[in-house]
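Structural features, examined
Letter by letter, the chains look like this.
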Amino acid sequence: MSHEAPAPISNFIRQVIDADLASGKHASIVTRFPPEPNGYLHVGHAKSICLNFGLAEDYTGLCNLRMDDTNPEKEEDEYIAAIQEDVQWLGYQWQGEVRYASNYFDQLYAYAEELIVAGKAYVDDLTPEEMRQYRGNLNEPGKESPYRSRTPDENLTLFRQMRDGAFADGSKTLRVKIDMASGNINLRDPVIYRIRRATHHQTGDKWCIYPMYDYTHCISDALEGITHSLCTLEFEDHRPLYDWVLNNITIPAHPQQIEFSRLELLSVVTSKRKLRQLVEEHLVTGWDDPRMPTISGMRRRGYSPEGIRLFAQRAGVSKTPNVVDFASLEGAVRETLEEASPRVIAVLDPIKVTLTNFEPGVTGSRSAPFHPHHEEWGEREIPLAREIYIEREDFAEVPPPKWQRLTPGGEVRLRYSYVIKCDEVIKDSAGMVVELKCSLDKDTLGQNPVGRKVKGVIHWISAEHAIEAEVRMYDRLFTVARPDAVRGDDGEYVDFKQFMNPASLTVITGYVEPVVRDAAPETRYQFERLGYFVTDRKDHVAGGKPVFNRTVTLKDTWATQGQA
RNA sequence: AGGGGAGUCGCCAAGUUGGUUAAGGCAUCGGAUUUUGAUUCCGACAUGCGAAGGUUCGAAUCCUUCUUCCCCUGCCA
């Protein structure tokens, strides 16, 4: 794991680490990425992954991958496998084996008995409804449960019976005794164990009681020797509980929880619930649909791991709302692809052009480099023929001001080939341009025409040499910046699915150079002047009809300046 | 009877032990180079740090008051 390492930008977490290392509190750091395996990882998780693994790399520390699997009803093996694949694809490797919070169920149980014996935890018989009432609310203190005064012996007996299956699901809980009057509701005797007869993907039917997040997470961190436990802002209120648990059991380590703001991307949704909805209602083809902001979706779209890492680095780490424009992600991806992608020519929306003075064997072709700055990548021949295709949008009967492409009677350079002049426009009965008759200037191969300037350069492909490819043109999934935060006239949130972009996917047949036919799945190219494209991870078969996904377009000053 | 956070350029974000003209990136706008309107390269872009007072030779940094926004009332994580 050695990535290009620009000088790290200071942030408040690095400052804490620097201080802890300087003071000798820690000799090195250990972080962890702790997803719950109940869904696919998305771009927000990518930030957390880059932060935790990136810090470990920068400080030559370690980073664990831990499945936070304390709720057997919501978690599945499918997600566990996908999470590992995503992390590795992003370019990171965890220390040792994958960890599971469920690995620690025995120890968690033992610590619970310790709390009971110390009189710091009790078995409660309150129903969920009663517990809610006893908890109070934001403006009123809670009141103590009538079961709070049970003796340690009684609690221990009851808790063991809970473990042994003597009670019905949900009939009892184990609570920790803190302060029902605390302003912090998390401290009003939080539940740390509940009874749930569910088969756990790791521990099977061994347990019918399962520990809660707040109780599990801090102990898991401590057991793994985590030094800095990074999480998002909504857990700030939980830190006192994190610390309380570790302070009240016999455990040698006490990691420091530090909270940072969660990443939000404009014009996407990142809540697991909403993403799941898109998948389950078949509004996308799956978790890895290239329009999804999931890591697997971005991968299939053609985003590079380097680009996502660059994006995460640029987004930064702070406690202020980290709402980043989608263009920032695309920009970072583009930036990494520019350097790394071979160039190839494709025409996606063709107009036929007949070169009237083409002479086989006389008017030849040139070879073209795969990358303007990488000679070592070599070249390939680009054959010219009497009939070629050019892009429909590169021709205008009535050109707007500053137009640099083809017009009736106008000239344009064919990339890597001759300058041509449009002599005749042929239309069908509906007025649609179906063919252009052009003549080429034989003195312009590899040199500029004399006596005049031809500024425009367009791409093209020989009709007889081109091969067909399925090309999936992706665009944003939503048409508004914050699809999940739009309120209607009644003040209620409008269903985010109302804002789905009907044009988020257009499948077309395009013409590409034959060299791409044998490309393996997940091979990236730049189609010159069009954008970056990748052979589909699932549907492209080397040697067959190519299937490409448009990753992102090239930056287009012409289009963005509101011309055309 | 509430508790916990945050406000520095359109978007991120350095800066915090008070000290020259408030980093950097994204975006944007100019211009140069270019057989990709791409890339690359130059240049522009906060008399201003949520607001108002105050301390000081000097304040984004310290003090006071005010204000706006976010999170918390699962036997979810």
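Relevant structure appears above.
Residues numbered from 1 in each chain as written. Chains lettered and ligands numbered in written order. Predicted model: local features only at pLDDT ≥ 70, side-chain atom pairs only at ≥ 80, totals over all residues. Heavy atoms only, no water.

**Digging into the environment of Leu414**
As for its placement among the helices and strands, Leu414 is situated in strand E18 (residues 411-414). For Leu414, a relative accessible area of 1% translates into the label buried. For the pair Leu414 and Ile461, spaced 47 residues apart in the sequence, the C-alpha separation amounts to 9.5 Å. In this view, Leu414 contacts Ile388, Ile420, Ile458 and Trp460; residues no more than four positions away in its chain are not counted. (Helix = DSSP H or I, 4+ residues; strand = E, 2+ residues; numbered from the N terminus. Buried < 20%, exposed > 50% of the residue type's maximum accessible area, 1.4 Å probe, protein only. Contact = heavy atoms within 4.5 Å.)

**Some remarks on the protein's contact with RNA strand B**
As a structural note, the neighbourhood of RNA strand B is formed by 73 residues, with Asn139, Ala181, Ala315, Ser318 and Arg415 the closest of them. Atoms of RNA strand B within 4 Å of the protein: sugar and phosphate make up 63%, bases the balance. Within the backbone of Ala181, one N or O atom sits 2.2 Å away from a base nitrogen of RNA strand B. Separating a base nitrogen of RNA strand B from a backbone N or O atom of Lys402 is a distance of 3.0 Å. Among the secondary structure elements, those contributing two or more residues to the surface near RNA strand B are helix H5 (128-135), strand E6 (191-195), helix H11 (305-315), strand E11 (322-324), helix H12 (326-340), E18 and helix H13 (557-560). Ranked by residues supplied to the surface near RNA strand B, first place goes to H5 with four residues. (Near = heavy atom within 4 Å. Polar contact = N/O pair within 3.5 Å; in protein donor to acceptor, adjacent residues only side chain to side chain.)

**Considerations on the packing of helix H7 (residues 213-223) against helix H8 (residues 239-247)**
Two numbers describe how H7 lies on H8: the axes approach to 9 Å, and their chain directions differ by 60°. As the angle between them shows, H7 and H8 are arranged oblique. The two elements H7 and H8 meet at a crossing, and its hand is right-handed. Note on element contacts: H8 touches H7 through Leu241, Tyr242, Val245 and Leu246, opposite Asp214, Tyr215, His217, Cys218, Ile219, Asp221 and Ala222. Split into classes, the residues belonging to the contact of H7 with H8 amount to eight nonpolar, one polar and two charged. (Axes fitted to C-alpha atoms, helices over the stretch in contact; angles between N-to-C directions. Parallel < 35°, antiparallel > 145°, perpendicular 65-115°, else oblique. Left-handed = near helix turned anticlockwise from the far one by under 90°. Nonpolar A, V, L, I, M, F, W, Y, C, P; charged D, E, K, R; others polar.)

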